[in-house]
Amino acid sequence: MGAAMRRIHVGNALGAFGLGFTVPYLYVYVAQVRELGATTAGLVLAIFAVAALVVLPFAGRAIVRRGPLPVLLAALVTAAVGSMSLGLAAGATSVLLSAAALGAGQAVMQPALATMIVDCSGAETRSRAFATQFFLQNLGLGVGGLIGGHLVDPSRAGSFTLLFSIQAAMFLLLVAVMATVRMPRVAKGTEVQGATGSRATKSAKESWKQLLGNRAMVQLSVLGFVLFFACYGQFESGLSAYGVEAAGISTSALGTALAANTAVIVVAQFVVLRFVERRRRSRVIAAVGLIWAVAWGVAGVAGLGQVSQTMATAAFVSTYALFGLGEAMLSPTVAPLVADLAPEGMAGQYNSAFALVKQLALAVGPAVGGPMGASWHAAYVVVFLLFSLGIVVLAVRLGRVLTGVQDLPGAGKSRVVARGGAGVESVVARA
């Protein structure tokens, strides 16, 4: 592993660690500690998604034109300012503005870091690099949440200010770490060679037109929306509501289920990686759909089956664990595929476009799943079980439009080298 990649992974861990301090406690902080009510707290959670949807279309263009590192540093500073302001804010307006800054910064970090991983890895090492990123993100979130839970006290506003201050400090520390990264030279995806030898810059419209004309990328984006809608978009909304209302799950058992999800990811990530690296990406994604279909079936047993409370709790925890297994399979599969579908120098725009799809799914998922999980229990399970089976169908269809190397990178060198040269594989050497 090269020095640049090590710093990128440290950055991922620090960023996730900082987020883990505050994300679980945002609602309590706004609604109860600052006494702004449930409506304002809901708006704060929604504004994270809105901010992401606003900035991500521009983030991809900026990453392609300026490179991922300057964009990442700007995003980190914005997030640090937003976090510190949120910890000090007392009124609804200041809370919402601070949340918008924090949400925008967080949203841009994702495609910027992903593009840095692409630029510093080759076809043979990219899956392992993204698996490591996902592992460290979940570990950081878990550790941050655990420590934050022991520091926070709903009766003291100062304890929340401390949490947001720590988060801001993590972002600024990440600025210091990432500023030392020496990125390889990357071809500019917005530049095209003219007939006279001069270079012209593609317009944003032309760049998006090129992306939308990539049939495989469009199909992957549709598949990605369903993946995030049917799984990630349900974790803290529909599925938790279903567990409490239909299965009678206690809040402590819900915490155990979330811990089980993280534990499976942390324990299984690199074991699963060995399996994933030798299989076609489309088949791996299809297998995830089947695993998640089983997970929804187990959730049905927890809430709809005539079982004891102990069995219902065990089934519900198992549901989250099965989701974690699927997530561990996706992390070294989907993100590298996005990179390999991008034309030379366009990885930043493709990563941002896929992040935009993710944010859309995470915004729609809770809005649809929350009411269903709380009230229409049988329909909720059936609908999302069908969505999981839909993942299988979409993955098989995607496999038909991928080239052999895109679907199975081990079969040959990736047709896309984000650095624009055959020597990219030498940047990161892994055993």
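Because the structure is predicted, anything quoted here is derived from the model rather than measured. (Residues numbered from 1 in each chain as written. Predicted model: local features only at pLDDT ≥ 70, side-chain atom pairs only at ≥ 80, totals over all residues. Heavy atoms only, no water.)

1. A closer look at the overall build of the protein
How we decide: By the criteria applied, helices consist of DSSP H or I runs no shorter than four residues and strands consist of E runs no shorter than two, each listed in order from the N terminus. Each residue gets one of three labels from its accessible area relative to the maximum for its type: buried under 20%, exposed over 50%, partly exposed in between, using a 1.4 Å probe on protein chains only. Any two residues whose heavy atoms approach within 4.5 Å are treated as being in contact. Under the convention used here, a 1.4 Å probe and the Shrake-Rupley method define accessible areas, while residue burial counts only the protein chains that appear.
For the protein, the helix and strand inventory stands at 17 helices and two strands. Taken over 431 residues, the protein has a buried fraction of 54%. Taking contacts inside the protein between residues at least 6 apart in sequence as the whole, the part at least 24 apart equals 85%. Accessible surface, the protein as shown: approximately 17,500 Å² in total, 66% of it carbon and sulfur.

2. Focus: the pattern of salt bridges
Short version of the rule: Note on definitions: salt bridges are taken to be side-chain nitrogens of Lys or Arg within 4 Å of carboxyl oxygens of Asp or Glu.
One pass over the structure, following the stated rule, counts four salt bridges. The residue arginine 280 makes a salt bridge to aspartate 407 at a minimum N-O spacing of 3.8 Å. Of this pair, arginine 280 sits in the loop between α11 (251-276) and α12 (281-304) while aspartate 407 sits in helix α17 (residues 404-407), placing them 127 residues apart in sequence. When its relative accessible area of 4% is taken as the criterion, aspartate 407 is described as buried. When salt bridges that share partners are traced, they join Arg126, Arg281 and Asp340 into one network.

3. Some details on helix α9 (residues 215-230)
Which entries qualify depends on this criterion: Here the expected span of a helix is defined as 1.5 Å times the quantity of residues minus one.
Taking 1.5 Å as the rise per residue, α9 with 16 residues should run 22 Å; its terminal C-alpha atoms sit 23 Å apart, in good agreement. For α9, the tally of buried residues reaches twelve of 16 residues, placing the bulk of the element in the interior. Considered for burial, the residues of α9 that qualify are Ala216, Met217, Gln219, Leu220, Ser221, Leu223, Gly224, Val226, Leu227, Phe228, Phe229 and Ala230.

4. Quick look at the packing of helix α1 (residues 3-22) against helix α5 (residues 92-119)
To keep it simple, the criterion reads: Only the stretch in contact is used when fitting a helix axis, every axis being a line fitted to C-alpha atoms; angles between N-to-C directions are given from 0 to 180 degrees. Reported orientations rely on four angle classes, namely roughly parallel under 35 degrees, roughly antiparallel over 145, roughly perpendicular from 65 to 115, and oblique for the rest. A clockwise turn of the near helix away from the far one marks a right-handed crossing, whereas an anticlockwise turn of less than a right angle marks a left-handed crossing. In this classification, Asp, Glu, Lys and Arg are treated as charged, Ala, Val, Leu, Ile, Met, Phe, Trp, Tyr, Cys and Pro as nonpolar, and every other residue, Gly included, as polar.
Where α1 meets α5, the axes come as close as 10 Å, and the angle between the chain directions of the two elements is 160°. The angle between the axes of α1 and α5 places the two elements in the roughly antiparallel class. Crossing of α1 against α5: the hand is left-handed. Of the residues in α5, those in contact with Met5, Ile8, Asn12 and Leu19 of α1 are Gln106, Leu113, Met116 and Ile117. Across the contact of α1 with α5, the residue classes break down as six nonpolar, two polar and no charged.

5. Let's talk about the nonpolar core
Note the following rule: Residues enter a nonpolar core if they are buried and are Ala, Val, Leu, Ile, Met, Phe, Trp, Tyr or Cys, with the set joined through side-chain atoms within 4.5 Å.
Counting residues in hydrophobic clusters, the biggest one holds 118 residues, and the most contacted among them are Met178, Leu220, Leu239, Trp292 and Phe316. Tallying contributions element by element places α5 first for this core, with eleven residues. In this view, leucine 220 contacts Val334, Leu337, Val338, Leu341, Phe354 and Leu398; residues no more than four positions away in its chain are not counted.

6. Some points on the packing of aromatic side chains
Inclusion rule: What counts as a ring pair is set by centres within 6.5 Å for rings of Phe, Tyr and Trp (its six-membered ring), and what kind of pair is set by the plane angle: stacked under 30 degrees, edge-to-face over 60, tilted for all other angles.
Per the counting criterion, the structure on display carries 16 aromatic pairs. Taken together, a centroid distance of 5.1 Å and an interplanar angle of 40° make the contact between phenylalanine 228 and tyrosine 232 tilted. Accessibility expressed as a relative area gives 12% for phenylalanine 228, which makes it buried. For tyrosine 232, a relative accessible area of 22% gives the class partly exposed. Ring-pair connections join several aromatic residues into one group, and the members of that group are Phe225, Phe229, Tyr242, Trp292, Trp296, Phe323, Tyr380, Phe384 and Phe387.

7. A word on the environment of proline 343
Following the sequence through the fold, proline 343 ends up in the loop between α14 (334-341) and α15 (347-375). Other than its neighbours up to four places away in sequence, proline 343 contacts Gln210 and Tyr350.

8. Some details on a nonpolar patch on the surface
Under the convention used in this document: Patches in this entry comprise residues that are over 30% relatively accessible and not in a salt bridge; like charges within 9 Å are linked, as are nonpolar side chains (Val, Leu, Ile, Met, Phe, Trp, Tyr) within 5 Å.
On the surface, a cluster of nonpolar side chains totalling about 460 Å² of accessible area is made up of Leu139, Val143, Leu146, Ile147, Leu151 and Leu162. Examining the composition of the nonpolar patch, we find that five residues originate from one element, helix α6 (residues 126-151), more than from any other. Along the chain, the position of leucine 162 falls in helix α7 (residues 157-178). A relative accessible area of 41% places leucine 162 in the partly exposed class.

9. What about the confidence of the model for the protein?
Here is the rule: The predictor attaches a confidence to each residue, and that confidence, scored 0 to 100, is pLDDT.
Residue-level pLDDT values for the protein average 82, and 89% of them are 70 or greater. Considering only residues more than four positions removed or in separate chains, one finds that residues 190-200, a stretch of pLDDT under 50, has 14 contacts. Per-residue pLDDT stays below 50 along residues 413-431; that stretch engages in 49 contacts with residues further than four places along the chain or on separate chains.

10. Describing the side chain of threonine 40
Among the secondary structure elements, threonine 40 is positioned in helix α3 (residues 37-66). Once you skip the residues sitting within four places of it in the chain, threonine 40 turns out to touch Val30, Ala92 and Leu96.

11. A word on the packing of α3 against α5
At a minimum axis distance of 7 Å, the contact between α3 and α5 shows a crossing angle of 40°. The angle between α3 and α5 falls in the class oblique. The interaxial crossing formed by α3 with α5 has right-handed handedness. Classifying every residue of the contact of α3 with α5 by side-chain character gives 21 nonpolar, four polar and no charged.

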